[in-house]
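# A structural walkthrough
Read off the chains here:
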Amino acid sequence: MNHKEFGDTVSFDAMYRTNRHAMNFIPFIAIDNHKRSVVVGSTLISHENAPNFTWVLQAFVKAHNSQPRFVITDQCLSMKEAIPDVLTESKHRLCPWYIMTKIPRERHASEVYTKTVFYDVQKEIHKALYFCGLHVNSEEGDIVQYVVAHKNCKMITKVSYQVTHNVVANTFNCQCNLFTRTGILCRDIQAAKSRYREIDIEKEASINEL
Ligand SMILES: [Zn+2]
């Protein structure tokens, strides 16, 4: 999927929120020249803050290799902060009514599609939590390399992928390329991200003990 095929406008729709896994689901919806909406990508973030949105937007630009001409969002302040930092070539419009009025008939189809994407994302999170083995392969400067093993129900490794985490830029790349191909964040990156958060929590805990 490539938003170039679908026109210039991408909305980051914060309407789909979920309490499961305490994550927020953010689909990227592109609007094509016939005013139809198409889901071109999606992600889950733990908190709606500016660094998380910055990460999402950077991943989006990386996956699509270009910036949309227009970005439409609701009045989320964190999003407002992150957009000009990453989408330097895009015009940002705060207009929830644009989506509501311009594409009402396609809304249902879009929701059905979004639900499918949502389950795919959930599947990756489930696999990351229960069927992935993660270990740090190397740590040099800002770059941490993880190896994530995909296990079956007997906990036998079927395949493994390398995830590269740039700690300073806060970017994750995975060999499996699922995000680039489908816009769905793979279990490998989910596993690496959760590990990174654990390390952070450990760090904070040890600092508090001092
Ligand atoms: Zn992957």
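These lines cover the structure that appears in this document, whether it is placed above or below. Bear in mind that the values here come from a model prediction, so they are computed numbers and not experimental data.

Thresholds applied
- Residues numbered from 1 in each chain as written.
- Predicted model: local features only at pLDDT ≥ 70, side-chain atom pairs only at ≥ 80, totals over all residues.
- Pairing = 2+ DSSP bridges.
- Helix = DSSP H or I, 4+ residues; strand = E, 2+ residues; numbered from the N terminus.
- Expected span 1.5 Å × (residues − 1).
- Core = buried A, V, L, I, M, F, W, Y, C linked by C-beta atoms within 7 Å.
- Buried ≥ 20, exposed ≤ 12 C-beta atoms within 10 Å, placed from the backbone.
- Contact = placed C-beta atoms within 7 Å.
- Arc of directions from axis to C-beta.

Two elements, strand E6 (residues 132–140) and strand E7 (residues 143–151), share eight bridges in a ladder whose sense is antiparallel. In the sheet register, Ser138 faces E7, and the bridge partner there is Gln145. Turn length for the E6-E7 hairpin, with the two strands adjacent in sequence and antiparallel, is two residues, and the turn residue Gly141 shows positive phi of about 60°.

Glancing now at helix H1 (residues 50–64). Each turn of an α-helix holds 3.6 residues, which means side chains three or four residues apart point in the same direction. Between its first and last C-alpha atoms H1 spans 21 Å; for 15 residues at 1.5 Å apiece the expected length is 21 Å, and the two agree. A positive backbone phi angle near 60° is found at Asn65, which sits one or two residues after H1.

By size, the foremost hydrophobic cluster in this structure holds 30 residues, and its most contacted members are Leu57, Ile83, Val148, Val163, Cys174, Ile189 and Ala192. Looking at this core, the elements with two or more residues in it are H1, strand E4 (70–73), helix H2 (77–86), helix H4 (107–130), E7, strand E8 (157–166), strand E9 (171–174) and helix H6 (187–209). Take this core: its biggest share by element is six residues, from H1. In this view, Ile189 contacts Val163, Phe172 and Cys174; residues no more than four positions away in its chain are not counted.

What follows covers H2. Three or more residues of H2 are buried, namely Met79, Ala82 and Ile83. Down the axis of H2, the buried side of the element spans an arc of 110°, and every buried residue falls inside it. Relative to its buried face, H2 has exposed residues pointing more than 90 degrees away, namely Leu77, Pro84 and Asp85.

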